[in-house]
Amino acid sequence: IVIMSFFSFGQSAEIDVVLNDAETRKKVEHKTEDGKKDKYFLFYDGETVSGKVNVTLKNPGKRLEHHGIKIEFVGQIELYYDRGNHHEFVSLVKDLARPGEITQSQTFDFEFTHVEKPYESYTGQNVKLRYFLRATVIRRLNDITKEMDIVVHTLSTYPELNSSIKMEVGIEDCLHIEFEYNKSKYHLKDVIVGKIYFLLVRIKIKHMEIDIIKRETTGTGPSVYHENDTIAKYEIMDGAPVRGESIPIRLFLAGYDLTPTMRDINKKFSVRYYLNLVLIDEEERRYFKQQEITLWRKGDVVRKSMSHQAAIASQRFEGSAASESALEQAAKEESG
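Residues numbered from 1 in each chain as written. Predicted model: local features only at pLDDT ≥ 70, side-chain atom pairs only at ≥ 80, totals over all residues. Heavy atoms only, no water.

### Thoughts on the side chain of Glu72
Within the secondary structure, Glu72 sits in strand β6 (residues 69–79). In contact with Glu72, other than residues within four places in its own chain, are Leu92, Val93, Phe112, Phe132, Leu133, Arg134 and Thr136. (Helix = DSSP H or I, 4+ residues; strand = E, 2+ residues; numbered from the N terminus. Contact = heavy atoms within 4.5 Å.)

### Examining the pairing of strand β1 (residues 13–19)
Of the two faces of β1, only one is covered, namely that formed by Ala13, Ile15, Val17 and Leu19; the face formed by Glu14, Asp16 and Val18 stays uncovered. Relative to strand β4 (residues 49–57), β1 runs antiparallel, the two being bridged by 7 bridges. Each bridged residue has a counterpart across the sheet, and for Asp16 the counterpart in β4 is Asn54. (Buried < 20%, exposed > 50% of the residue type's maximum accessible area, 1.4 Å probe, protein only. Pairing = 2+ DSSP bridges.)

### Notes on the sheet that holds strand β13 (residues 165–171)
Pairing is antiparallel in the open sheet, where 4 strands are placed in the order β13-β14-β16-β19. Both edges of this open sheet fall to β13 and β19 (246–252), since each of them pairs with a single strand only. On average, adjacent strands in this sheet sit at an angle of 20° to one another, irrespective of strand direction. (Axes fitted to C-alpha atoms, helices over the stretch in contact; angles between N-to-C directions.)

### Quick word on the environment of Thr48
By secondary structure assignment, the location of Thr48 is in the loop between β3 (37–43) and β4. Take Thr48: its relative accessible area is 25%, and that puts it in the partly exposed class. A sequence separation of 65 residues divides Thr48 from Thr113, and the C-alpha atoms of the two residues are 4.4 Å apart. Within the structure, the side chain of Thr48 is placed 3.0 Å from the backbone nitrogen of His114, a separation counted as a polar contact. (Polar contact = N/O pair within 3.5 Å; in protein donor to acceptor, adjacent residues only side chain to side chain.)

### Observations concerning the packing of aromatic side chains
Going through the model one piece at a time under the given rule, you end up with 8 aromatic pairs. Note on Phe73 and Phe112: the rings are 6.1 Å apart at their centroids and 45° apart in plane angle, and the pair reads as tilted. Of the two residues, Phe73 sits in strand β6 while Phe112 sits in strand β9 (residues 106–112), which places them 39 residues apart along the sequence. Phe112 carries the same exposure label as Phe73, and that label is buried. (Phe/Tyr/Trp six-rings, centres within 6.5 Å; stacked < 30°, edge-to-face > 60°.)

What follows is the structure, encoded as structure tokens:
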């Protein structure tokens, strides 16, 4: 009890982090670890993160001794099975005050210029990738800290190579189906357009659907975890198809909770998407064929103020030689 009261006589402070463009910056919903959705400020690669750190003294008139005040910008990956270990891929620090004392509440300005934010924010089944600002008043016994999460979206330009997918699925002398999707890379608000042709039908199919499956892979070597999640189910038909029949498919992606495809992020995790064609016959046997598709995030209209660096960064689309800059693309979209 003596120790407790000893601390309470000392000075304490509250920290608050406020972004300079908080009034105008867009906020987006993002899933937290407990599955809820909260709104966070949205940033892109290459954008500056700036604002103020307010240190408010709880007991005015009393001084607060400290060993320095700093703010950090951190990007980190946390694997849930390895809780204590945070893998930081971005770590920037700005010192706001040298060791000394504060006698009244104070505000400190900070700016992290053209910050590299190479990966998309992600909360998954076994892994979390997050970006946050952390302000700290360093003290001898107990630091005072405040964290503020932000969300980062990675933008891509149109993939130049986007071939359609043609696949055949068959069971010898019983079933032969051909299906075709209009492309292999889709942006998150795209429509998957396809057709299914029945070339030979000798088994009684009673149900047929297309599923979008998200596969999250974490870990390496012997300790790899795969987490499969069915994001969407699209019923193609109920009832038996006949030979020569073709069935059109239109699957709108905008309604589903999808992220861009993430391949080997910082050598820690991947998120991939598959189209799974499922057929069920009258004896409840299941036949399926899986095909990977690539999902990417299309910029709305790239803002004029977006730094040149951000425009270059937004070209980092995997597997495509994106020659157009994001700004050229935006100009095209606006004029078109």
